[in-house]
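Understanding the architecture of this molecule
Here is what each chain is made of, one letter per residue.
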Amino acid sequence: MESSSCCSSMVADLPQESFLQRTLERLPSTQSLKLTAEEAAPVAVVAIQRYLSEPTEGPQLDSYSYDVTITDGVWRAKCFLHPSLNHLVHRNTLRTGTDVSVRQCSFVYNERRLGHGYICIEKVESSAETSSLLPRINNPSSLPMLVKHGMERSVLLQSDVPLQVSRKHYLSLWNNDDPEGDMWISGSASPDPVLDVSKVTLLSSLESSFRASWKPLPLLVKIIHKSRLRYYGKFGLKIDYPFQTYFEVADQSGTMSLVLWNELCPEYYLRMNVGAVLYLQNYTLKQSYSNRSRPQMDHHRMKNFTSVEICLNPRNPAAVITVVSPKSVLPQWGLPEVSYQFTARSELEKISNGSACDVIGLVTFVGRVERVRSKGNKAPEKYWTYRWVHSVDGTSDRPFILELFSSSQPEIFNQICPMTYLVCTQMRVCQVEGSLPYLTSSCETEIFITGYHKGQPYVSDPRVKSFIQWTKTLKDNVVLQKTAVGGHYCYPPPPRRFSQSATDTSGQVPLVAASDLKRELESLQYREHKKLAIQGEITAIRYRNDPKKVSNEPQDYSSDTHKDPADCLMSPSSDRSKANTRKRTNQLSKAVPSSLNCASSPAKRRLKYKNTKEREEQEEEESASAYEQQECQDSAASSWESSSWSKQREEITEHLRHGGLHQDSVSRRFTFDEKSALLRWSNLQPTRWTPQAAAAAAPPHTPSPGHYQLTILGINKQIAVDAAFLPVVRADDPRAVGLSQDPHDNSMLSCLSSGFLCPLRSTAGDEELTPRESEEILATARGLENTHVVCVLELCQLGGDKVEVLINKVYRVMDVTLD
């Protein structure tokens, strides 16, 4: 290894030459170093960390900055990502666990601080989807950090803090609610000091003490509710740790809100849990902030003191917080027990809209984690992360439908999977006209799964014990047949009529111009979900059934108006694909032209098979070949287009072709063997690469279910967009839950309006539409000719260039209500 005058090492005799070290040596001689393809050796992305950007004098390119840790297998280097490249993170194109080539970089000194500088990545290219370097490194964090000579003593360069020195902490990569980084302290508190409880005051006395000159006496209280974290950082705010969270605490006199501020949150948030007892000194009181959500606490049957709230500040004065260990809590303190209001699924329809309840159930479906942009245009922009979950409790044949937003418990949120016992507290009831009610998170919701129940106050609740007894009657193999993970899921179903109000826009799907659709698609960030509607007419439909796999090819934003979207992509590969191909080929036997059968018959008669397996393989190949030829030859039979589309196609200015179905669009059956892989697949891209995550290989490609690809021509006939329609076919499809299953005639329009094939098949039936069924439905598509419709579209950015565009519902104009 070559000697270095500008790099320092904490590890002697490194085994091989380092690209990163060699690059750092070259940086002082140039303002910006450009590397050729031969010079730019692949490096692996180990971590991507996000934080609030420093304000700039010019235009602010992004609200957030990113530090990227890369390795060449010899050194690690934490680098600053130039803001012009942030879009690569926004779309998960630049992500952990991949190899990249750095093609341009520079070294940036901090002009206001001695001994601080860093590499800035200015141009980067993807090298490998899955890193070839990382599997050879057992523990990347054990590699030495590359630091420029003279900067070895910089604590910032060696610790878990941002490279931009004005920022003191990182944020979670995909939301602002989850604790992120080493500064968040968890675990048990230190041994209890001697507590003088003889001078404690009651909560009931605090209201009368407010605004009076008083010296706060100690408080001894129990936490009965806990909110998720709130990050309130923004440009110009001179607070290093702008976090806030609140609790509801109780003593024998009643309940009151308690607010934890700023750097006390990293120190205490993970230790101040529901049921914990606090001994508080040096707190302050202030008038309660009325414009925030509060837990519903009527079931506690205690007096609520709501005019003031307790504040715990890091200074002026510095609050003293003692989390009392459970073994030190004495009965004579008279602290109340934590109370819950568990609701059975059979009772849910009777509960009023907006009411709070706690639920426990066995998880049967877990949707992929998605993101939604927080309302409001104030910088910095914020995203909520959420997922849909189904759970059952044995009191009804219908599951709980749960919309779970991040509750600042990422270690639990990311581990929710079928077959686990899930407890959700302070969920809000959402009654849906014409469909099943669902429950959505509140700010005070907490979630717990198998492995996290021990020691929680609810374990002794009678309804929890009753649920546990019911689960003992279940058989795993039976329940597993009813499980699913991931895929597109949206609830509740759209209403029967599409409404548009000029005065009240809350809750309605925004109707956008076709010309705005491209901007909406391009503005989507990774796993961001949007629902919107466009009006126009459906001009082309094709039934797609690719037995190999769902399309994973990158989608194209180009304005291609002449390319026919109806491709023939038929090449079965997996065993399941071959089995499906054999089944469909048998169904098509009467339709296959005799010339195909005649061509293959002599070969079949001449073959002498050595064994049964060889014969089966030969038949599979012939079946696949026959099916491929049939699919391509009969493409006209499995597609429809309006009489005017061929002319209109030549006249449109843009055709947005995002409508293919992706692997991430379709849910999968859960198995314990694939648990780690399915969790990784359905969760968001992790901030850090770990060997454990790499060991969970991606689940295998699955055959595409039959679906329709539609072309929608905007009402002004200038822009067309492709969208996929995946009808619900099976009763065990998670999307079937809560779907209004009114009988219909299975015409193309009625399927698009209802979202399902009538009647739904039982779980033991075929999984897909047969070719005959698909053609019968397509034969009715002529009823869409020149029909003015409103199409509700579901958009989701799946990473890289993959954008999911699915049709949720199609309305005829006569089904539209104007207010």
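Here the structure is a predicted model, which is why all the values come from computation and not from measurement. (Residues numbered from 1 in each chain as written. Predicted model: local features only at pLDDT ≥ 70, side-chain atom pairs only at ≥ 80, totals over all residues. Heavy atoms only, no water.)

**Thoughts on the overall build of the protein**
Using the following cut-off: Helix and strand definitions follow DSSP, with helices as H or I runs of at least four residues and strands as E runs of at least two, each counted in order from the N terminus. For the exposure calls, accessible area comes from a 1.4 Å probe over protein chains only, and a residue counts as buried if that area is under 20% of its type's maximum, exposed if over 50%, partly exposed in between. In what follows, a contact means two residues having at least one pair of non-hydrogen atoms within 4.5 Å.
When helices and strands are counted, the protein shows 17 helices and 35 strands. Here the protein holds 819 residues, and the buried ones make up 54% of them. Residue pairs in contact within the protein that sit at least 24 positions apart in sequence constitute 74% of those at least 6 positions apart.

**A closer look at the packing of aromatic side chains**
Put simply, the rule reads: Between the rings of Phe, Tyr and Trp (Trp by its six-membered ring), a pair exists once the centres lie within 6.5 Å; its type follows the angle of the planes, with under 30 degrees stacked, over 60 edge-to-face, and the other angles tilted.
Under the definition given, this model contains 23 aromatic pairs. Relative to Tyr118, the ring of Phe80 has its centre 5.7 Å away and its plane inclined at 55°; by these criteria the two rings are tilted. Remark: Tyr118 occurs in strand β7 (residues 117-128) and Phe80 occurs in strand β5 (residues 76-81); sequence separation between them is 38 residues. Residue classification places Phe80 among the buried residues on the basis of a relative accessible area of 8%. Residue Tyr118 is classed as buried on the basis of its relative accessible area, which comes to 10%. Ring geometry for Tyr340 and Tyr458: centres 5.8 Å apart, planes at 85°, overall edge-to-face. Residue Tyr340 is located in the loop between β16 (320-324) and β17 (356-366), and its partner Tyr458 is located in the loop between β23 (447-448) and α7 (462-471); the two are separated by 118 residues in the primary sequence. In this pair, the class of Tyr340 matches that of Tyr458, namely buried.

**Some points on the nonpolar core**
A general tendency of soluble globular proteins is for nonpolar side chains to be buried together. The condition is simple: Throughout this description, the term nonpolar core refers to a set of buried Ala, Val, Leu, Ile, Met, Phe, Trp, Tyr and Cys residues connected via side-chain atoms within 4.5 Å.
Ranked by size, the top nonpolar core spans 116 residues in total, and within it Ile310, Leu312, Leu402 and Leu404 carry the most contacts. If you tally residues by element for this core, the top one is β17, at six residues. In this view, Leu404 contacts Thr385, Tyr386, Arg387, Val389, Phe413, Ile416, Leu422, Cys424, Met427, Ser441 and Ile447; residues no more than four positions away in its chain are not counted.

**Some details on unusual backbone geometry**
At the junction of Asn316 and Pro317, the peptide bond is cis and its omega measures out at -5° in the coordinates. For Gln426, which is not glycine, the phi dihedral falls at a positive 50°. By the secondary structure assignment, Gln426 is in strand β21 (residues 421-430). Phi angles above zero are rare outside glycine, and Asn786 is one such case at about 55°. Structurally, the position occupied by Asn786 is in the loop between α17 (771-779) and β33 (789-799).

**Here's the deal with helix α1 (residues 19-26)**
Definition in use: In protein, a polar contact requires one atom able to donate a hydrogen and another able to accept it; more generally it is a pair of N or O atoms within 3.5 Å, and residues adjacent in sequence count only if both atoms are side-chain atoms.
Every buried residue belonging to α1 is among Phe19, Leu20, Gln21, Thr23 and Leu24, and all of these are buried. Sitting at the head of α1, Ser18 places a side-chain oxygen 3.3 Å from the backbone nitrogen of Leu20.

**Structural notes on the pairing of strand β19 (residues 383-392)**
Side-chain positions along a regular strand alternate between the two faces of the sheet. How we decide: Between any two strands, at least two bridges found by DSSP are needed for them to pair.
Of all ten residues making up β19, nine are buried, and the element is well covered by its neighbours. Across four bridges, β17 lies against β19 in antiparallel orientation. Each bridged residue has a counterpart across the sheet, and for Val366 the counterpart in β19 is Val389. Both strand β18 (residues 370-373) and β19 contribute to a ladder of four bridges, which runs antiparallel. Following the sheet pairing, Val372 is matched in β19 by Trp384.

**Focus: the confidence of the model for the protein**
Which entries qualify depends on this criterion: Scored from 0 to 100, pLDDT reflects the predictor's confidence in each residue.
Per-residue confidence for the protein gives a mean pLDDT of 85; residues scoring 70 or more make up 83%. In the predicted structure, residues 547-565 sits below a pLDDT of 50 and forms 68 contacts with residues beyond four places in sequence or in another chain. Low pLDDT, under 50, characterises residues 623-634; the predicted model gives this stretch 29 contacts beyond four residues in sequence or across chains.

**Observations regarding the pattern of salt bridges**
Let me state the cut-off plainly: Every case where a carboxyl oxygen of Asp or Glu lies within 4 Å of a side-chain nitrogen of Lys or Arg is listed as a salt bridge.
Summed over the entire model, instances satisfying the criterion amount to 32 salt bridges. A salt bridge links Glu263 to Arg315, with the nearest nitrogen and oxygen atoms 2.3 Å apart. With Glu263 in the loop between β12 (254-261) and α5 (264-268) and Arg315 in the loop between β15 (304-312) and β16, the pair connects residues that are 52 residues apart, well separated along the chain. Taking the relative accessible area as the measure of exposure, Glu263 reaches 24% and is therefore partly exposed. Note that Arg496 and Asp742 form a salt bridge whose closest N and O atoms lie 2.6 Å from each other. A residue pair is termed long-range when its members are at least 10 positions apart, and Arg496 in the loop between β24 (484-485) and β25 (498-500) and Asp742 in the loop between β31 (728-730) and α16 (748-754) qualify at 246 residues.

**A short note on the environment of Leu511**
Positionally, Leu511 belongs in the loop between β25 and α9 (514-523). Given the relative accessible area of 29%, Leu511 is considered partly exposed. As a C-alpha pair, Leu511 and Val790 span 279 residues in sequence and 8.7 Å in three-dimensional space. The contacts of Leu511, once residues within four sequence positions are left out, are Phe498, Gln500, Ala533, Ile534, Gln535 and Val790.

**Some words on the pairing of β12**
Within β12, eight of the eight residues are buried, which leaves it mostly tucked inside the rest of the structure. Alternating residues of β12 divide into Gly254, Met256, Leu258 and Leu260 and Thr255, Ser257, Val259 and Trp261, and every residue in both groups is buried. When strand β11 (residues 243-251) meets β12, the two strands line up antiparallel, connected through eight bridges. Opposite Asp251, over in β12, you have Gly254 as the bridge partner. Between β11 and the antiparallel strand that follows it, β12, lie two residues.

**Some thoughts on α17**
Just so we agree on the cut-off: It is the directions from the helix axis to the C-beta atoms that the arc portrays.
Every buried residue belonging to α17 is among Pro771, Ser774, Ile777 and Leu778, and all of these are buried. All buried residues of α17 fall inside an arc of 130° around its axis, so they share one side.

**As for the state of the cysteines**
Among covalent bonds in proteins, the disulfide is the one between the sulfur atoms of two cysteines. Rule in force here: Count a disulfide wherever a pair of cysteine sulfur atoms falls within 2.5 Å.
If you walk through the whole model with that rule in mind, you get zero disulfides. Here Cys424 stays free of any disulfide, with the sulfur of Cys357 as its closest cysteine sulfur at 9.4 Å.

**Considerations on the environment of Ala781**
The topology assignment puts Ala781 in the loop between α17 and β33. The spatial distance from the C-alpha of Ala781 to the C-alpha of Ala540 is 9.0 Å, given a sequence separation of 241 residues.

**Concerning the environment of Ser53**
Inspection of the secondary structure assignment puts Ser53 in the loop between β3 (43-52) and β4 (64-71). Each C-alpha atom of the pair Ser53 and Tyr64 lies 4.5 Å from the other, and the pair is eleven residues apart in sequence. What Ser53 contacts, discounting residues up to four positions off in sequence, is Gln60, Asp62, Ser63, Tyr64, Ser65, Arg167 and Phe235. Among the polar contacts made by the side chain of Ser53, one reaches the main-chain carbonyl oxygen of Tyr64 at a distance of 3.0 Å. Among the polar contacts made by the side chain of Ser53, one reaches the side chain of Ser65 at a distance of 3.0 Å.

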